[in-house]
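Next come the chains, spelled out residue by residue.
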Amino acid sequence: MSNPSLLILAGDGIGPEVMAEVKRIIDWFGARRDLTFDVTEGLVGGCSYDAHGTPLTDAVMAQAQEADAVLLGAVGGPKYDKLDFSVKPERGLLRLRKEMDLFSNLRPAQCFDALADFSSMKRDVVAGLDIMIVRELTSGIYFGEPRGVFKEGNERVGINTQRYTESEIARVARSAFELARKRDNRLCSMEKANVMESGILWRDVVQEVHDAEYPDVELSHMYADAGAMQLTRWPKQFDVIVTDNLFGDILSDLAAMLTGSLGMLPSASLGAPMANGRPKALYEPVHGSAPDIAGKGIANPIACILSFAMALRYSFDKGDEATRVEKAVEKVLADGVRTADLMQSGDGTPATTSQVGDAILAALDASL
Ligand code: IPM
Ligand code: MG
């Protein structure tokens, strides 16, 4: 059997720096765990625009469709702020999500014990936190038509459309119910059914899927604004949260800060199973390209490394190896090897990106 294939799209800003550490870990698995991937690399985002005038070429799009999994770093940067909307770096990422039909975006927010004092929340609010946000990723206001800036009389009007079909809601709900069953068996669905028709449909469909297929899972519904409040008040009340594309974008950044740093959060974007049984999949850190620190070798590589761990678990059925990586990360944090985003003044010298990589590789060695 041939090796599983990985397409690496490191992207812009800190993307290449954090991905460099992931590549070392991929090599480690080849050398030490007899788990070798066929890796190819391509461009996405601003770097692709610079080289080809588009944030994603058709050739890279085709490679992504063929790959067993795609690993993405980050896209965007101030250099591209003035570009036409249609060729902005973010469009490359959105095209990948849309054309691969990656409708279910898993964003786990776990607070490592060593970082509990690092969150802006009190320790007892976040210590031991382990929640999963499932964000719908291919529809809603990010993609709905009509959209655009139009002339209406003598002024301009900006339009985006929130649009969800029943089947789009049902499929992401199913993926969230499935995850809940593997965890604490509780799902909270968030929308704005009090003001949005699409929210009413969302609530109805999630309830219907529950009643017909997942009556064993404890289901609750919450308005997304109240959900944001509850996430800061007592986040440990949640197990799995399912929500739409835009609310999921916002709530997952909020959840990230519960864990101490945006530099900690991985994500998996999953679609339907391919012919080989693996889901279409793209893995990426939740943090962005962080242009302010790009090129300095100080970015936190952990979110990207944990994203690779998610690939091991969700694409390659290697849950044990994923846990090995997660434990190595936990050990390194507990040992105090941390980048600047995870240090307070007086904590000593922060580690560089590659020093964190070194420490994680050493912890992986020690795990054998
Ligand atoms: C995210 C990001 C993206 C989004 C951007 C970069 C297009 O914020 O993945 O959360 O809005 O989905
Ligand atoms: Mg976001």
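Everything quoted here is computed from the prediction, not taken from an experiment.

**Here's the deal with the nonpolar core**
Thought 1: By size, the foremost hydrophobic cluster in this structure holds 71 residues, and its most contacted members are Leu 71, Val 134, Phe 177, Leu 187, Tyr 283, Phe 308 and Ile 360.
Thought 2: The element that contributes the greatest number of residues to this core is helix H10 (residues 302-314), accounting for nine residues.
Thought 3: Shared between two domains, this core takes at least three residues from each, and those domains are domain 1 (1-110 + 261-368) and domain 2 (130-258).
Thought 4: Residues contacting Leu 187, with those up to four places away along its chain left out, are Ala 176, Phe 177, Ala 180, Val 217, Glu 218, Leu 219, Ser 220, Val 240, Ile 241 and Val 242.
Thought 5: Among the nonpolar cores identified, the runner-up in size contains 20 residues, and Val 126, Leu 129, Phe 238 and Ile 241 belong to it.

**A word on the packing of aromatic side chains**
Thought 1: One pass over the structure, following the stated rule, counts six aromatic pairs.
Thought 2: Both rings, one in Trp 28 and one in Phe 29, keep their centres 5.1 Å apart while their planes meet at 85°; by these two values the pair is edge-to-face.
Thought 3: According to the relative accessible area criterion, Phe 29 is buried, its value standing at 0%.
Thought 4: Look at Phe 29 and Phe 308: their rings are 6.0 Å apart centre to centre, the planes differ by 65°, and that puts the pair in the edge-to-face class. Of this pair, Phe 29 sits in helix H1 (residues 15-32) while Phe 308 sits in helix H10, and the two are 279 residues apart along the sequence. An identical accessibility class is assigned to Phe 29 and Phe 308; each is buried.
Thought 5: Members of the aromatic cluster, each reached through a chain of ring pairs, are Trp 28, Phe 29, Phe 37, Phe 308 and Phe 316.
Thought 6: Sitting above the plane of the Phe 143 ring, Lys 98 keeps its charged end 4.8 Å from the centroid.

**Comments concerning the domain arrangement of the protein**
Thought 1: What the domain assignment lists for the protein is domain 1 (1-110 + 261-368) and domain 2 (130-258).
Thought 2: For domain 1 and domain 2, the distance between their C-alpha centroids amounts to 25 Å.
Thought 3: Each partner contributes residues to the interface: domain 1 has 21 residues there, and domain 2 has 22 residues.
Thought 4: Summed over both sides, the interface of domain 1 with domain 2 buries roughly 2000 Å², with 58% coming from carbon and sulfur.

**Considerations on the sheet that holds strand S9 (residues 218-223)**
Thought 1: The 10 strands are arranged S2-S1-S3-S12-S11-S4-S5-S10-S8-S9 in an open sheet whose pairing can be described as mixed. With partners counted over all chains shown, the strands left at the sheet margins are strand S2 (38-42) and S9, one partner each. Between one strand axis and the next, the sheet turns through 20° on average, direction left out of account.
Thought 2: As defined by bridge partners, strand S1 (residues 5-11) adjoins S2 across five bridges and the pair is classed as parallel. Of the residues in S2, the one forming a bridge with Ser 5 is Asp 38.
Thought 3: Packing against the sheet, helix H9 (residues 245-258) makes contact with strand S4 (104-110), strand S5 (130-136), strand S8 (186-191) and strand S10 (240-243), and its axis sits at approximately 155° to S5.
Thought 4: Across the face of the sheet, H10 comes into contact with S1, strand S3 (69-74), S4, S5, strand S11 (268-273) and strand S12 (279-283) while running at roughly 170° to S12.

**Thoughts on the site of ligand 1**
Thought 1: Around ligand 1, the neighbouring residues are Glu 90, Arg 97, Arg 107, Arg 135, Tyr 142 and Asp 249.
Thought 2: A distance of 2.8 Å separates an oxygen atom of ligand 1 from a polar atom in the side chain of Arg 107.
Thought 3: The contact in question runs from an oxygen atom of ligand 1 to an N or O atom on the side chain of Arg 135, over 2.8 Å.
Thought 4: Here ligand 1 loses 76% of its free accessible area of 320 Å² to cover by the protein chains.

**A word on the side chain of Glu 321**
Thought 1: When you line up the elements, Glu 321 lands in helix H11 (residues 319-334).
Thought 2: The buried category is assigned to Glu 321, whose relative accessible area is 10%.
Thought 3: Beyond its immediate chain neighbours, meaning those up to four positions away, Glu 321 contacts Phe 29, Arg 33 and Leu 312.

**Overview of the pattern of salt bridges**
Thought 1: Per the counting criterion, the structure on display carries 23 salt bridges.
Thought 2: Of the charged contacts in the structure, one is a salt bridge between Arg 24 and Asp 358, with a shortest N-O distance of 2.6 Å. Of this pair, Arg 24 sits in helix H1 while Asp 358 sits in helix H12 (residues 353-366), placing them 334 residues apart in sequence.
Thought 3: Overall, the relative accessible area of 30% leaves Arg 24 in the partly exposed class.
Thought 4: With a shortest N-O distance of 2.9 Å, Arg 95 and Glu 99 are connected by a salt bridge. Residue Arg 95 and its partner Glu 99 are both found in helix H4 (residues 89-99); the two are separated by four residues, about one turn of the helix.
Thought 5: For Arg 95, a relative accessible area of 24% corresponds to the partly exposed category.
Thought 6: One network of salt bridges, in which partners are shared, links Glu 21, Arg 24 and Asp 358.

**Brief notes about a negative patch on the surface**
Thought 1: A surface patch of like charges, here negative, comprises Glu 166, Asp 204, Glu 208 and Asp 211.
Thought 2: Among the elements that make up the negative patch, the one with the highest residue count is helix H7 (residues 197-213) (three residues).

What counts, and where the lines are drawn
- Residues numbered from 1 in each chain as written.
- Chains lettered and ligands numbered in written order.
- Predicted model: local features only at pLDDT ≥ 70, side-chain atom pairs only at ≥ 80, totals over all residues.
- Heavy atoms only, no water.
- Core = buried A, V, L, I, M, F, W, Y, C linked by side-chain atoms within 4.5 Å.
- Buried < 20%, exposed > 50% of the residue type's maximum accessible area, 1.4 Å probe, protein only.
- Helix = DSSP H or I, 4+ residues; strand = E, 2+ residues; numbered from the N terminus.
- Domains from an automatic or database assignment.
- Contact = heavy atoms within 4.5 Å.
- Phe/Tyr/Trp six-rings, centres within 6.5 Å; stacked < 30°, edge-to-face > 60°.
- Lys NZ or Arg CZ within 6 Å of the ring centre and 35° of its normal.
- Buried area = accessible area lost by both parts, 1.4 Å probe.
- Pairing = 2+ DSSP bridges.
- Axes fitted to C-alpha atoms, helices over the stretch in contact; angles between N-to-C directions.
- Near = heavy atom within 4 Å.
- Polar contact = N/O pair within 3.5 Å; in protein donor to acceptor, adjacent residues only side chain to side chain.
- Areas by Shrake-Rupley, 256 points an atom, 1.4 Å probe, with all protein chains shown as cover.
- Salt bridge = Lys/Arg side-chain N within 4 Å of Asp/Glu carboxyl O.
- Patch = residues over 30% accessible without salt bridge, like charges linked within 9 Å, V, L, I, M, F, W, Y side chains within 5 Å.
- Lys, Arg positive; Asp, Glu negative; His and termini not counted.
- Charge placed at Lys NZ, Arg CZ, Asp CG, Glu CD.

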